[in-house]
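A closer look at the structure
Residue strings, one per chain:
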Amino acid sequence: MTSTQDVAPAEPTVGAATALLDAYRTGDTRFFASPTRTLLAHGTRAQVPHDARPLTERVAATLREQRAAGDPAPVVVGAIAFDHEEPADLAVPEAVRWGPALHQDPLIGVPAEAPADAEWDVRQVPAPEEYADSVARAVKRMRAGEFSKVVLARTLELSSPRPLDIPALLQRLARRDPSGYTFAVPSGPGRTLLGASPELLVSRRGGQLVANPLAGSTPRSTDLAEDVRRAAALLQSPKDLHEHAVVVDAVRAALAPYCDDLDVPERPTLVRTAAMWHLSTTVTGTLREPAVSALELACALHPTPAVCGTPTPLARDVIGQLEPFDRGMFTGMVGWGDAEGDGEWVVTIRCAEAEQDRLRLYAGAGVVADSSPEAETAETGAKFRTFLNAVGAEL
C-alpha cells in the first residue's frame, strides 16, 4: 500500500486522479475523493465488527490487528450510519491506491457521458405537502419553546427500467463538482452508497484538524446576476445566519476539549456546489493529544445541528416522529482513517443508495422557528437536483 502521506506531489501527474475514478467498479470497491486526495480501494482484508464496544475501539483494534498481520499501512474505508447504534460498513481493503485531488487533474474537465434516456418512476416519500406539514408542526413546537432546531428530510424512490450504471453515475457526480467530496462505497449486500457531499465533518493530519460546518442554504440560479443576488442575500439572511451560528457553536463546543488552539472565524463565508450556495465556516485547531484520531473527533462531533438539530436528544426524537423512513447511512459519515489516526470524514449528504434498478435519494433542510414550510420544501427539491441531473430524471 502507498503511504497516505504520498498523495499530493507539487505538480500532480495529468490523469493520475481521473485514472482512479475511471477504474471504479461496482462491488467490493470503494472510492473517495476530497479536495486533498483521491482514494480507490479494492477487496476486503478485514471487516470492522459490530459488537458492544464503541465504534472507535472496534476500528482501532481492527487496524492494529491488520498491522500485526503484516499490513504496514492499514486503512479503514467506508460509511457510518446516522444512528451510531446501527451497524457501520467499514473495511480494511486488500489494496489501496492514492492520487492527487480530482480538481488538480486537468482531465476532470472532460464532460461525463450524458445519462441515457430512461422512463424513471419517481415516488416522493413523504409527498411534498406532507413534508411541508411536518415542517409547520415542528415550527409550531419551536415557537412554543420546546427546542431550537430540527433537520427534517425527505426521500425520492427512483425505479429504472434497466439495471443502474453506478460507475457512470459516479463519473457524472465527480465531474460536476470536482472540488467537493465524492464517494461510492458498499452499504450492505448488493447496495452501494454514492454521493457528492459538500461538507467536511472533520479531517486530521498529524496534530492538526480541520472542520467545515455548513448550514444555511439557497438554490443556485442559471442566471448569473440572479445567482450573485442569491449569494449576497444568503450572507445577510438573519434566519440562515442564526441557523449557521447554532451549528458553529456546537462544533466549537465539541472540539474545544481536544485542542490547545482552536480558530473559529467570526462570520461565515460562502461555498458553492453546482446546485446550491451554503454558508460555510472553516474551523482549524491543534490537538492537545496527538493520539486522538480523526474518527474519534468525528464521533465527538456527530450529529451536529446541521444534520440533526438542537438540543440533540430532542431533535432526534422529533426526527423519529416526523420522518416516515429510516435514514440509514444518510446524514451519517463516510471517509477513511489510518492506523496513525489521520483521516477524512464527511457528512453523508447529497447522496443516494443504489440497488439493482432502484435509487433512493435523500435531502434535508434545517428548520428553525422562522422557517417557511414552502421554502424548506423548495430547498429539499433543489438539493435533489444533484442526483436528478446525474440520472437524467425530473421531479
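Residues numbered from 1 in each chain as written. Predicted model: local features only at pLDDT ≥ 70, side-chain atom pairs only at ≥ 80, totals over all residues. Heavy atoms only, no water.

An unreviewed UniProt entry lists the chain under the name isochorismate synthase, with Streptomyces luteolus given as the organism. Check the Sequence similarities (unreviewed entry) section of the UniProt entry for the chain; it says "Belongs to the isochorismate synthase family." According to UniProt, the comment filed for the chain under the heading Catalytic activity (unreviewed entry) is "chorismate = isochorismate". (UniProt positions renumbered as here; feature names shortened; annotations may be inferred.)

A short note on the overall build of the chain
Scanning the chain for helices and strands turns up nine helices and 22 strands. Its C-alpha atoms give the chain a radius of gyration of 20 Å, within 12% of the compact-globule value 21 Å for 395 residues. Projected onto its principal axes, the C-alpha coordinates of the chain cover approximately 60 × 55 × 45 Å. By the burial criterion, 55% of the 395 residues in the chain qualify as buried. (Helix = DSSP H or I, 4+ residues; strand = E, 2+ residues; numbered from the N terminus. Rg over C-alpha atoms; globule rule 2.2 N^0.38 Å. Buried < 20%, exposed > 50% of the residue type's maximum accessible area, 1.4 Å probe, protein only.)

A closer look at the sheet that holds strand β12 (residues 208–211)
With antiparallel pairing, nine strands are arranged side by side in an open sheet as β3-β5-β4-β19-β20-β11-β12-β17-β14. What marks the edges here is a single partner per strand, and that holds for β3 (46–47) and β14 (259–263). Of the strand pairs in this sheet, strand β19 (residues 333–338) and strand β20 (residues 343–347) are connected by five bridges, and their pairing is antiparallel. Residue pairing in the sheet places Met333 in a bridge with Val347 of β20. Lying over the sheet, helix α2 (residues 55–68) contacts β3, β4 (75–80), β5 (89–92) and β19, oriented at roughly 20° with respect to β5. With respect to the sheet, helix α7 (residues 294–301) is in contact with β4, β11 (200–205), β12, β17 (283–287), β19 and β20, its orientation differing from that of β11 by roughly 155°. (Pairing = 2+ DSSP bridges. Contact = heavy atoms within 4.5 Å. Axes fitted to C-alpha atoms, helices over the stretch in contact; angles between N-to-C directions.)

Notes on the UniProt feature "domain: Chorismate-utilising enzyme C-terminal" (unreviewed entry) in the chain
Under the present numbering, the feature "domain: Chorismate-utilising enzyme C-terminal" (unreviewed entry) in UniProt falls on residues 128–383. Between the C-alpha atoms that bound residues 128–383 there is a distance of 14 Å. The span itself is 34% helix and 35% strand.

Quick notes on the layout of surface pockets
What the largest pocket holds in volume is close to 340 Å³. Surrounding the largest pocket, 17 residues form its lining, Pro115, Ala116, Asp165, Ala168 and Arg172 being those nearest its centre. Examining the composition of the lining of the largest pocket, we find that four residues originate from one element, helix α4 (residues 166–176), more than from any other. Its residues assigned to classes, the lining of the largest pocket shows eleven nonpolar, two polar and four charged. (1 Å grid on protein atoms, 1.4 Å probe; cavity = no way out; pocket = protein on both sides within 12 Å on 5 of 7 lines; lining within 4 Å. Points joined across faces, edges and corners; volume = space filled by probe spheres on them. Nonpolar A, V, L, I, M, F, W, Y, C, P; charged D, E, K, R; others polar.)

Overview of the packing of helix α3 (residues 128–143) against helix α8 (residues 312–322)
Where α3 contacts α8, the axes come no closer than 11 Å and their chain directions differ by 150°. Here α3 runs over α8; the crossing is right-handed. Note on element contacts: α8 touches α3 through Val318, Gln321 and Leu322, opposite Ser134, Arg137, Ala138 and Arg141. Here the contact of α3 with α8 is built from residues that sort into three nonpolar, two polar and two charged. (Left-handed = near helix turned anticlockwise from the far one by under 90°.)

Section: a negative patch on the surface
There is a patch of like negative charges on the surface, built from Asp83, Glu85, Glu86 and Asp326. Taking relative accessible area as the criterion, Glu86 reaches 40% and is therefore assigned partly exposed. (Patch = residues over 30% accessible without salt bridge, like charges linked within 9 Å, V, L, I, M, F, W, Y side chains within 5 Å. Areas by Shrake-Rupley, 256 points an atom, 1.4 Å probe, with all protein chains shown as cover. Salt bridge = Lys/Arg side-chain N within 4 Å of Asp/Glu carboxyl O. Lys, Arg positive; Asp, Glu negative; His and termini not counted. Charge placed at Lys NZ, Arg CZ, Asp CG, Glu CD.)

Digging into the packing of aromatic side chains
Following the criterion strictly, the structure yields three aromatic pairs and no others. Residues Trp98 and Trp336 carry aromatic rings whose centres are separated by 5.0 Å and whose planes lie at 75° to one another, so their mutual orientation is edge-to-face. With Trp98 in strand β6 (residues 95–99) and Trp336 in strand β19, the pair connects residues that are 238 residues apart, well separated along the chain. Neither residue differs from the other here; Trp98 and Trp336 are each classed as buried. Judged by centre distance (6.2 Å) and plane angle (55°), the ring pair of Phe325 and Tyr362 falls under tilted. Here the residue Phe325 occupies a position in the loop between α8 and β19, and Tyr362 occupies one in strand β22 (residues 358–367), the gap between them amounting to 37 residues. The class of Tyr362 is buried, set by a relative accessible area of 7%. By way of ring pairs, the aromatic residues Phe325, Phe330 and Tyr362 are connected into one cluster. Directly above the ring of Trp277 sits Arg220, whose terminal nitrogen or CZ lies 4.8 Å from the centroid. (Phe/Tyr/Trp six-rings, centres within 6.5 Å; stacked < 30°, edge-to-face > 60°. Lys NZ or Arg CZ within 6 Å of the ring centre and 35° of its normal.)

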